[in-house]
Amino acid sequence: MNPPRVPVVEHHRLTLGGQLGLGGQGTVHEVANRRINRAAGGGWDVVYKEYAAAVLPSLQPDALLARAELVGELNAADAAWLCEKTAWPAAVVQRQGKTCGFLMRAVPDRFRFDFRTLHGTGSTRRLATMEYLLNDDAYVAGVGLTVSTRDRLAVLGDLAATLSRLHRLGITVGDLSPKNLLFSTSPQAECFLIDADAMRLRGTTVLPQAETPDWQVPDGEEKATGAGDVYKLALLAVRLIARDQTAADPDVLSAVAPALADLARCSLDTDRKRRPTPALWAEHLAAAVATASTVPAAAPTTAGPGTGPVLQTGRGPGSPRPGGPTATATAPAAATSGSTARARGWSALAASVAVVVVAIAGVATTHSGHSGSGSAAAATSATAEPAPEDTGFTDPADPDADPADPGLPDPDDTGDPDPAEPPASDTPEDPPTPDDPVADAEVGSCFYDRGTSGHADLEATDCTDGAFKVVDIFRGTTDLDACDDVDDNDESVSSSRNDRVLCLSYQSSGGTAYHADQGDCVYGTPGGSWGTVSCGTGNFKVLAAYRGTGDHTKCTSWPHYNEWKTFTVSHDSGLDVLLCLSMNYPDDAGYATQRECLLKSGSGGQATFTNVGSCAASNVVVTGRTSRYRAASFCGNDGWTTWEPTDYPALAYTVCWRST
C-alpha cells in the first residue's frame with residue numbers, strides 16, 4: 001500500500017493571480033493552475049494565503065500541516081462535510097522547505113451577493129459576511145439583501161449544527177465573529193466558516209489565539225474552547241435578532257421564542273461549565289424557524305371581533321390542542337351560540353431552559369440521603385498535483401473595513417411601529433348571556449375543554465384532575481397573547497361575544513411539578529406524585545422544562561443531568577410535560593470528575609468539598625468516582641466521600657480524593 005501523500009506544495013509551482021485580500025496575518029491571492037476535489041464537477045478554485053513576515057516567528061508549521069492532513073484521515077462523510085462548510089487548509093505551501101502559507105478552497109459563489117451602494121451608484125460582488133445582518137432591515141434591504149427573521153434563525157441553526165459537528169471532530173472555532181462567518185439563504189439557509197487556520201484542532205493552534213473586539217469570552221477564560229464557541233453563538237443570536245452590532249441582552253430573543261432567550265442566558269453564563277451544547281441550540285432554532293416571519297420586517301397584526309363567542313385558545317410553555325378527560329361528566333352544557341377558538345400559551349417543543357448551580361449552600365435538607373467519608377494512609381515530496389479532497393477560502397476583500405459602514409443607521413428608518421396597546425382591563429362588557437360559561441367564568445372556575453384543535457368547547461366542572469382552572473381574565477380584548485405572562489397558563493380562550501380572554505391552567509394528576517419552570521426544585525418518589533419544593537439536598541433542580549413532548553433524550557445535552565420526569569395527558573399529547581432534572585447533591589463532590597481540583601473543609605463525616613475554580617486554591621484532587629455507595633475499597637489508599645439519596649439509590653456516589 002502506498003503511503004498517503006503529504007499535502008505540501010513548493011511556492012514556485014504556483015501561478016498566482018490577483019490579490020484578493022490583505023489582513024493582519026497576511027495576503028490572499030488567486031491561484032491559476034490549481035484545483036482541488038476533482039470529483040466535484042471538475043474541482044474547486046483554489047486561493048493561497050501567504051503569512052506576513054511578522055507572524056512567521058509565531059507560526060507552528062506542524063500544526064498547520066496537521067490541518068492539511070486531517071481531511072485524508074477522516075471518513076468520507078466527515079471529510080466531504082468539512083470541505084463544504086469551512087475554508088479548511090488543503091495543502092501547506094513552502095519556500096525552500098520553510099512553511100510560508102497554505103492553499104484553500106475559494107469561497108463558493110452562493111456566499112456572495114451584489115452589494116448596492118446606498119446612493120444607488122452601482123453594485124459590486126462581495127462576500128456575504130454576517131456583519132451585514134447586524135443592521136436594521138432598511139439598511140440590509142438597501143444594500144441588496146433580502147433576509148427575513150426566518151432566514152436569520154435558519155442560518156443560526158445551521159451554524160449551531162456546524163459547531164456541534166466540528167466539536168465532535170475535535171475542532172473549536174475560537175474567533176467566532178461576523179467577519180469570519182458567511183451566509184446564504186438560497187437555495188437554503190446555511191453558513192460557511194473562513195479563517196479555518198485560526199481554529200483549534202485537538203488542542204493545537206497554528207498561531208496564538210486572537211479574538212475580535214466585542215466578541216471576546218469573559219476575562220480569564222481560556223480561548224478557543226467549545227464553551228467559548230457557545231458563548232459567542234449566543235452573542236451572535238442576540239445581535240442578529242436585535243439587528244445591532246453590540247447588543248448583549250438575551251431578552252431580545254423573547255419576541256422570537258422565549259426558549260431562545262433562556263438558552264442565550266445560559267450560554268452567556270460566566271461559568272463555562274454551565275453552558276449548554278450547540279446541539280441544543282440547533283434543536284431550539286429548528287423549532288423557532290417553523291413559526292418565524294418570512295418577510296424582512298415584522299408587521300403588527302390585528303384581529304377584529306367575530307359575531308359569536310370566539311373562544312380562541314393559546315397555551316403556556318407547550319403545544320397545540322387542549323382537551324378534557326374522555327370519561328363522561330355531568331355538568332351544564334357548553335355554550336354553543338357562536339364559534340370558539342383557542343391557542344396554547346406555549347409552542348410545541350419549546351423549552352423553559354436554565355442551567356443551574358449544583359453546589360447548594362446554606363439551605364435546609366428537604367429529602368433524606370446517606371453520606372459518609374473516609375481517609376487512608378497519605379496518599380512526501382512536492383508535486384504539481386492538487387491536494388486530497390479539501391477546501392479553502394480567501395479572506396474578505398477588505399478585512400479591516402466594516403462593509404459600507406453598517407454601523408450608521410439609515411436616516412429614513414423610523415423603526416417598526418409598536419403594536420397596538422390592548423384595551424384597558426376595565427372596559428365594560430356586554431351583558432352576559434344566560435348559561436354562557438365564558439361570560440359567567442371567574443378566577444378559580446374550572447372547565448373541561450371538549451373542543452377540537454383551534455376551537456374550544458368549554459364545559460363547567462369541579463376543579464379536579466384533567467380540568468382547566470381559570471387563573472386570570474382579561475376584559476375588553478380578544479387577544480390570545482394577553483395570557484403569555486400569566487403564571488401556569490397552559491391555554492387561553494377568547495370570546496368575541498363577551499370581549500374577554502380566559503387564561504386557563506391544566507390540573508395535572510401528576511402533581512404541582514407539572515408547572516415547574518427553569519431553576520425550580522421538585523421532588524417525588526418513583527411512580528408517585530411530584531411537587532415543587534424549596535431547593536435542598538436530596539431533591540432535584542429543573543434544568544429544562546419541555547412542553548408538548550415526553551422524549552427524554554432531549555435531556556442528554558444538559559450538564560449535570562441525571563434524572564427525567566414526564567407528565568403525560570392521554571387524550572392530548574400537546575399537554576405532555578418533560579422535566580430534565582439534576583440531583584441537588586450535598587456539595588460539589590456530587591458532580592466531581594477525575595482530576596478535578598476541590599477545596600476540602602472539615603474532616604470525617606462533616607467534610608465538605610467545593611469547586612473554587614482553581615487548582616492553586618484547592619487542597620485535594622479527585623482520583624476516582626463510582627456510583628456505588630460506601631465503596632471505600634474502590635478508592636484503595638486514597639481518601640473518599642460518599643452519599644446516597646434514599647429514593648434514588650442509582651444516583652449514589654463514592655468519590656476518591658488525594659491531597660495535593
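The following refers to the structure shown.

Reading guide: rules and limits
Residues numbered from 1 in each chain as written. Predicted model: local features only at pLDDT ≥ 70, side-chain atom pairs only at ≥ 80, totals over all residues. Heavy atoms only, no water. Axes fitted to C-alpha atoms, helices over the stretch in contact; angles between N-to-C directions. Helix = DSSP H or I, 4+ residues; strand = E, 2+ residues; numbered from the N terminus. Parallel < 35°, antiparallel > 145°, perpendicular 65-115°, else oblique. Contact = heavy atoms within 4.5 Å. Nonpolar A, V, L, I, M, F, W, Y, C, P; charged D, E, K, R; others polar. Phe/Tyr/Trp six-rings, centres within 6.5 Å; stacked < 30°, edge-to-face > 60°. Buried < 20%, exposed > 50% of the residue type's maximum accessible area, 1.4 Å probe, protein only. Pairing = 2+ DSSP bridges. Disulfide = S-S within 2.5 Å.

For the rest of this paragraph, the subject is the packing of helix α4 (residues 149–168) against helix α5 (residues 226–242). Direction vectors running N to C along α4 and α5 enclose 175°, while the axes themselves pass 11 Å from each other. With respect to their mutual orientation, α4 and α5 come out roughly antiparallel. The residues of α5 that touch α4, namely those facing T149, R152, L153, L156, L159, A160, L163 and H167, are G226, D229, L233, L236, A237, L240 and I241. Here the residues of the contact of α4 with α5 sort into 10 nonpolar, three polar and two charged.

Our next topic: the packing of aromatic side chains. In this structure the tally under the stated criterion is 19 aromatic pairs. Both rings, one in Y506 and one in Y514, keep their centres 5.6 Å apart while their planes meet at 55°; by these two values the pair is tilted. Residue Y506 shares its accessibility class with Y514, and that shared class is buried. Relative to F540, the ring of W530 lies with its centre 5.8 Å away and its plane at 35°, an arrangement referred to as tilted.

Right, let's talk about the pairing of strand β23 (residues 540–547) for a bit. For β23, a buried count of eight out of eight residues is recorded, marking the element as mostly surrounded by other parts of the structure. Pairing of strand β21 (residues 521–523) with β23 involves two bridges; the strand directions are antiparallel. Within the sheet, the bridge partner assigned to V522 lies in β23 and is F540. In this sheet, strand β25 (residues 577–583) lies alongside β23 in antiparallel orientation, the contact comprising seven bridges. Residue pairing for β25: A545 is matched across the bridge by L579.

Moving on to the state of the cysteines. Summed over all chains, the structure comprises six disulfides. There is a disulfide in this structure between C446 and C463, and the S-S distance comes to 1.9 Å. Looking along the S-S bond of the C446-C463 disulfide, the torsion reads about 105°, which is the right-handed sense. Residue C446 is located in strand β16 (residues 446–449), and its partner C463 is located in the loop between β17 (458–461) and β18 (468–475); the two are separated by 17 residues in the primary sequence. Given the relative accessible area of 43%, C463 is considered partly exposed. Between C635 and C656 runs a disulfide, and the two sulfur atoms are separated by 2.0 Å. Across the S-S bond linking C635 and C656, the dihedral sits near -75°, which makes this disulfide left-handed. Residue C635 is located in helix α9 (residues 632–635), and its partner C656 is located in strand β30 (residues 653–659); the two are separated by 21 residues in the primary sequence. Assessed through its relative accessible area of 2%, C656 is described here as buried. In the chain, the bonded cysteines, taken in the order they occur along the sequence, pair up as 1-2, 3-4, 5-6, 7-8, 9-10, 11-12.

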